[in-house]
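What follows is each chain in one-letter form.
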Amino acid sequence: MQPRTAILLLVLLAALPPVAAVFDQSFYISVASRILIFALAATSLNLVLGYGGMLSFGHAAFFGTGAYTVAILAQHGVHSAWLAWPLAMLVSALIAWPVGAISLRTRGVYFIMITLAFAQMIYYVFVSLKTYGGDDGLTLAERSSIGLGVDVKGDAHFYYACLAVLALAIVLLARLRRSPFGHALEAVKLNETRAEAIGFPVYRIKLVCFILAAAFAGLAGALIANQNNFVSPGLMHWTQSGMLMVMIIVGGLGHLFGGLIGAAFLLLLEEILSAHTEHWQLALGVILLGIVLFAPHGLARSARRSATPA
Amino acid sequence: MNQASASSASVVRGATLRVRGLHKRFGGIAAVDGVDLEIEAGELHALIGPNGAGKSTLVNLLAGAIAADGGAILLDGTEIGPLPMHQRVARGLTRSYQITSIFGALSVADNVALALQARSGATFSMWRPRGGALRGEVDEVLARVELSELAERVASRLAHGEQRKLELALALATGAHIFLLDEPLAGMGEQEGQAMIELIARLKGAATVLLIEHDMDAVFRLADRISVLVAGKVIATGTGAAIRANAQVQAAYLGDEAQGE
């Protein structure tokens, strides 16, 4: 995507709250915030899966960990976003460290299974954590406060906070993929053996990528906790990891905007279909099947291809 | 590589590689069974032997792809046995592959740029773009292997002989001074083979080379010394003439082929 297109997209997204207000459809601001948050989570998975080629099936664990970090801090009276959100990133990264260090010793199907197993372990830890709601989850006393005149208790302000965070994450990812680390990551993804043989510390590159992605999943978790005013172990269930995967596969693996496109597509479809039928998941399944068959490289790339026929 | 190593503190003309009592078993089979090798700085040392003699296992052990069961590998007198592959590369030892192993989805130039970048040590820098400074060095490496005109070609689209050259270019670009070349002539036609022999000949004296090769013509033309590996053991080491004359080698391996020359 050209920088001009990206800026246009940003302007359009920024115009959403006033437009929604004019048409008296403020409900959609909250839907849009949810999309942006899942876009961030899916983008962080894209770093591991799309750019790093690591089939991590436990990414929601880091998403949920970030959410719980914010909720638990709120329980103890810490509401500052400047404290809680970076801490959510840090805690997710700290948990990802040993998980990655062990999982990355394995390959292929074993890697998928071991990341899934770790994620389910973390899920059950929070299920059994009675102090913080256990199975029932935990309600946030109030949203994080940003200060600087931003009142995230209002949906529009919170939406802008989400948009700013997502835009920042995408800029960082855009920088990263052109950096030496991005090239090294690509080398590892394309040919791990040769990458090692020309001198890349393959294991460390993968681990750094894994931890970094977990940190951004944790940041998305911090946002979803604020969005819902509620956290529950369901956030880190394996089906949640699966949904993030579907988002970037639909959106575009290894595409800068794959996470955003996938999250928008899936959540909007869910919104529209569920308004018409209670069997919306069946319809969703058929549509996803169609995408895998007819746009196997994701919507982002298909859109570009039809725009510029090669 | 010449320029790169010349710019470092000392002009490196290869390094010594000593192998002492190296062992590797796979189940009940001793693939490498007490191998000793002495390779001098700047020497082009060929390793020959029948299929299944353990040549590839030996290369994997030396490069660090697999761990030895026993014995020592000394690079300029320092034990490198416990080091992982990428740290051996950092110390100047790299390998090429018998079955071409390149980054097929990238351009030829980007392939080489990766190997140059790995050497630069800025692997974990995430913010600043990888500079165009590499471009000059890329051109230099591509010129050495005569691939300059194909710089922008996607590597997977290259002909087999060109891919073999890129395979060598990746090893050269690491700036190593010890090369383990695993059958660089594999699958090449007569003409391509000659070109590859020329390229390897240019390494002589500038770097230490352990050459594994089935093409006896190439081996006798290029090698300063030859070691013969049979059933995981080195049965003879010497100059081309000495190896041809060695009765044990003839019996075990060369047979009529050597006598006919």
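Being a predicted model, the structure only gives us computed values, none of them experimental.

1. Regarding the overall build of chain B
Turning to step 1, where the next piece is worked out: Looking only at helices and strands, chain B has 11 helices and 10 strands in total.
Turning to step 2, where the next piece is worked out: The globule rule puts the C-alpha radius of gyration for 261 residues at 18 Å, and the 18 Å found for chain B is close to it.
Turning to step 3, where the next piece is worked out: In terms of overall dimensions, chain B has a C-alpha envelope of 60 × 40 × 35 Å along the principal axes.
Turning to step 4, where the next piece is worked out: Looking at chain B as a whole, 52% of its 261 residues are labelled buried.
Turning to step 5, where the next piece is worked out: Counted over contacts in chain B with a minimum sequence separation of 6, partners at least 24 positions apart contribute 67%.
Turning to step 6, where the next piece is worked out: Put simply, chain B shows about 10,900 Å² of open surface, and 50% of that area lies on carbon and sulfur atoms.
Turning to step 7, where the next piece is worked out: One finds the centroid of the 24 positive side-chain charges in chain B at a distance of 6 Å from the centroid of its 29 negative side-chain charges.

2. Regarding the overall build of chain A
Turning to step 1, where the next piece is worked out: A tally of helices and strands in chain A yields 13 helices and 2 strands.
Turning to step 2, where the next piece is worked out: Compactness check: chain A gives a C-alpha radius of gyration of 19 Å against a globular reference of 19 Å for 310 residues, within 12% of the reference.
Turning to step 3, where the next piece is worked out: When its C-alpha atoms are laid out on the principal axes, chain A stretches across 55 × 50 × 40 Å.
Turning to step 4, where the next piece is worked out: Put simply, chain A has 310 residues, and 53% of those count as buried.
Turning to step 5, where the next piece is worked out: Long-range pairs, those at least 24 residues apart, make up 77% of the contacts in chain A with a sequence separation of at least 6.

3. As for the sheet that holds strand S3 (residues 44-48) of chain B
All names here are of chain B.
Turning to step 1, where the next piece is worked out: Reading across the sheet, the 6 strands line up as S6-S7-S8-S3-S9-S10 and stay open at both edges, with mixed pairing between neighbours. The sheet terminates laterally at strand S6 (93-95) and strand S10 (233-238), the two strands that pair on one side only. Between one strand and the next, the sheet's axes are offset by a mean angle of 15 degrees, whatever the strand orientation.
Turning to step 2, where the next piece is worked out: Packed on one face of the sheet, helix H2 (residues 55-63) meets S3, S6, strand S7 (178-182), strand S8 (208-212) and strand S9 (225-230) and runs near 140 degrees to S6.

4. What about the layout of surface pockets?
All names here are of chain A.
Turning to step 1, where the next piece is worked out: For the largest pocket, the calculated volume is near 500 Å³.
Turning to step 2, where the next piece is worked out: Along its surface, the largest pocket is lined by 21 residues, and Ala6, Ile170, Val171, Leu256 and Phe257 are the ones closest to its centre.
Turning to step 3, where the next piece is worked out: Broken down by secondary-structure element, the contributors of at least two residues to the lining of the largest pocket are helix H1 (3-22) and helix H6 (155-178).
Turning to step 4, where the next piece is worked out: Looking at the lining of the largest pocket element by element, the count peaks at 9 residues for H6.
Turning to step 5, where the next piece is worked out: Of the residues assigned to the lining of the largest pocket, the class counts are 17 nonpolar, 1 polar and 3 charged.

5. So, the side chain of Ser33(A)
Turning to step 1, where the next piece is worked out: Mapping Ser33(A) onto the fold places it in helix H2 (residues 27-51).
Turning to step 2, where the next piece is worked out: The contacts of Ser33(A), once residues within four sequence positions are left out, are Asp155(A), Phe158(A), Tyr159(A) and Gln227(A).

6. What to know about the packing of aromatic side chains
Residues and elements named next belong to chain A.
Turning to step 1, where the next piece is worked out: Scanning the model with the defined rule gives 9 aromatic pairs over all chains in all.
Turning to step 2, where the next piece is worked out: Measuring from centroid to centroid gives 5.2 Å for Phe27 and Tyr28, while their planes differ by 65 degrees, and the two rings are edge-to-face.
Turning to step 3, where the next piece is worked out: Since its relative accessible area comes to 42%, Tyr28 is described here as partly exposed.
Turning to step 4, where the next piece is worked out: Note on Phe62 and Phe210: the rings are 5.7 Å apart at their centroids and 85 degrees apart in plane angle, and the pair reads as edge-to-face. Note that Phe62 is positioned in helix H3 (residues 60-75) and Phe210 in helix H9 (residues 202-228), a separation of 148 residues in sequence. We note that Phe62, like Phe210, is buried.

7. What about empty space enclosed by the protein?
All names here are of chain B.
Turning to step 1, where the next piece is worked out: Evaluation of the coordinates by the stated rule reveals 2 cavities of 30 Å³ or more.
Turning to step 2, where the next piece is worked out: Its boundaries defined by the atoms lining it, the largest cavity holds a volume of some 40 Å³.
Turning to step 3, where the next piece is worked out: Forming the boundary of the largest cavity are Ser96, Arg164, Glu167, Leu168, Pro184 and Met196.
Turning to step 4, where the next piece is worked out: Per-element tally for the lining of the largest cavity: the top contributor is helix H6 (residues 160-173), with 3 residues.
Turning to step 5, where the next piece is worked out: Per-class residue counts for the lining of the largest cavity are 3 nonpolar, 1 polar and 2 charged.
Turning to step 6, where the next piece is worked out: Looking at the second largest cavity, its volume works out to about 30 Å³.

8. Considerations on H1(A)
Residues three or four positions apart in an α-helix share a direction because the helix packs 3.6 residues into each turn.
All names here are of chain A.
Turning to step 1, where the next piece is worked out: Taking 1.5 Å of rise per residue, the 20 residues of H1 would be expected to cover 28 Å, and the 29 Å separating its terminal C-alpha atoms lies within 8% of that figure.
Turning to step 2, where the next piece is worked out: Of all the bends in H1, the greatest, near 40 degrees, is centred on Leu16, and the proline Pro17 appears no more than four residues after it.
Turning to step 3, where the next piece is worked out: Contacts from the buried residues of H1 go to H2 and H6.
Turning to step 4, where the next piece is worked out: Among the residues trailing H1, Asp24 stands out with phi positive, at a value near 60 degrees.

9. Regarding the confidence of the model for chain B
One rule of thumb: low pLDDT means the predicted coordinates there are not for detailed reading.
Residues and elements named next belong to chain B.
Turning to step 1, where the next piece is worked out: Put simply, chain B has an average pLDDT of 88, and 92% of its residues get 70 or more.
Turning to step 2, where the next piece is worked out: Averaged pLDDT values for the elements of chain B fall to 41 in helix H1 (residues 2-7) and rise to 96 in S8.
Turning to step 3, where the next piece is worked out: Below a pLDDT of 50 lies the segment residues 1-12, which in the model reaches 14 contacts outside its immediate sequence neighbourhood of four places, other chains included.
Turning to step 4, where the next piece is worked out: Interface confidence for the predicted complex, expressed as ipTM, amounts to 0.87; the pTM equals 0.91.

10. Notes on the pattern of salt bridges
All names here are of chain B.
Turning to step 1, where the next piece is worked out: Applying the stated criterion across every chain yields a total of 18 salt bridges over all chains.
Turning to step 2, where the next piece is worked out: For Lys24, the salt bridge goes to Asp69, with nearest N and O atoms at 3.8 Å. One end of the pair, Lys24, is in strand S1 (residues 17-26); the other, Asp69, is in the loop between H2 and strand S4 (70-75), with 45 residues separating them in the sequence.
Turning to step 3, where the next piece is worked out: For Asp69, a relative accessible area of 47% corresponds to the partly exposed category.
Turning to step 4, where the next piece is worked out: A salt bridge links Glu198 to Arg221; the nearest nitrogen and oxygen atoms lie 3.9 Å apart. Of the two residues, Glu198 sits in helix H7 (residues 190-203) while Arg221 sits in helix H8 (residues 216-222), which places them 23 residues apart along the sequence.
Turning to step 5, where the next piece is worked out: A residue is classified by how much of its surface remains accessible, and Arg221, at 47% relative accessible area, is partly exposed.
Turning to step 6, where the next piece is worked out: Shared partners join several salt bridges into a network, and the residues in it are Arg18, Arg20, Glu38 and Glu40.

Rules used throughout
- Residues numbered from 1 in each chain as written.
- Chains lettered and ligands numbered in written order.
- Predicted model: local features only at pLDDT ≥ 70, side-chain atom pairs only at ≥ 80, totals over all residues.
- Heavy atoms only, no water.
- Helix = DSSP H or I, 4+ residues; strand = E, 2+ residues; numbered from the N terminus.
- Rg over C-alpha atoms; globule rule 2.2 N^0.38 Å.
- Buried < 20%, exposed > 50% of the residue type's maximum accessible area, 1.4 Å probe, protein only.
- Contact = heavy atoms within 4.5 Å.
- Areas by Shrake-Rupley, 256 points an atom, 1.4 Å probe, with all protein chains shown as cover.
- Lys, Arg positive; Asp, Glu negative; His and termini not counted.
- Charge placed at Lys NZ, Arg CZ, Asp CG, Glu CD.
- Pairing = 2+ DSSP bridges.
- Axes fitted to C-alpha atoms, helices over the stretch in contact; angles between N-to-C directions.
- 1 Å grid on protein atoms, 1.4 Å probe; cavity = no way out; pocket = protein on both sides within 12 Å on 5 of 7 lines; lining within 4 Å.
- Points joined across faces, edges and corners; volume = space filled by probe spheres on them.
- Nonpolar A, V, L, I, M, F, W, Y, C, P; charged D, E, K, R; others polar.
- Phe/Tyr/Trp six-rings, centres within 6.5 Å; stacked < 30°, edge-to-face > 60°.
- Expected span 1.5 Å × (residues − 1).
- Bend = angle between axes of the 7 residues up to and from the residue.
- pLDDT = per-residue confidence, 0-100.
- Salt bridge = Lys/Arg side-chain N within 4 Å of Asp/Glu carboxyl O.

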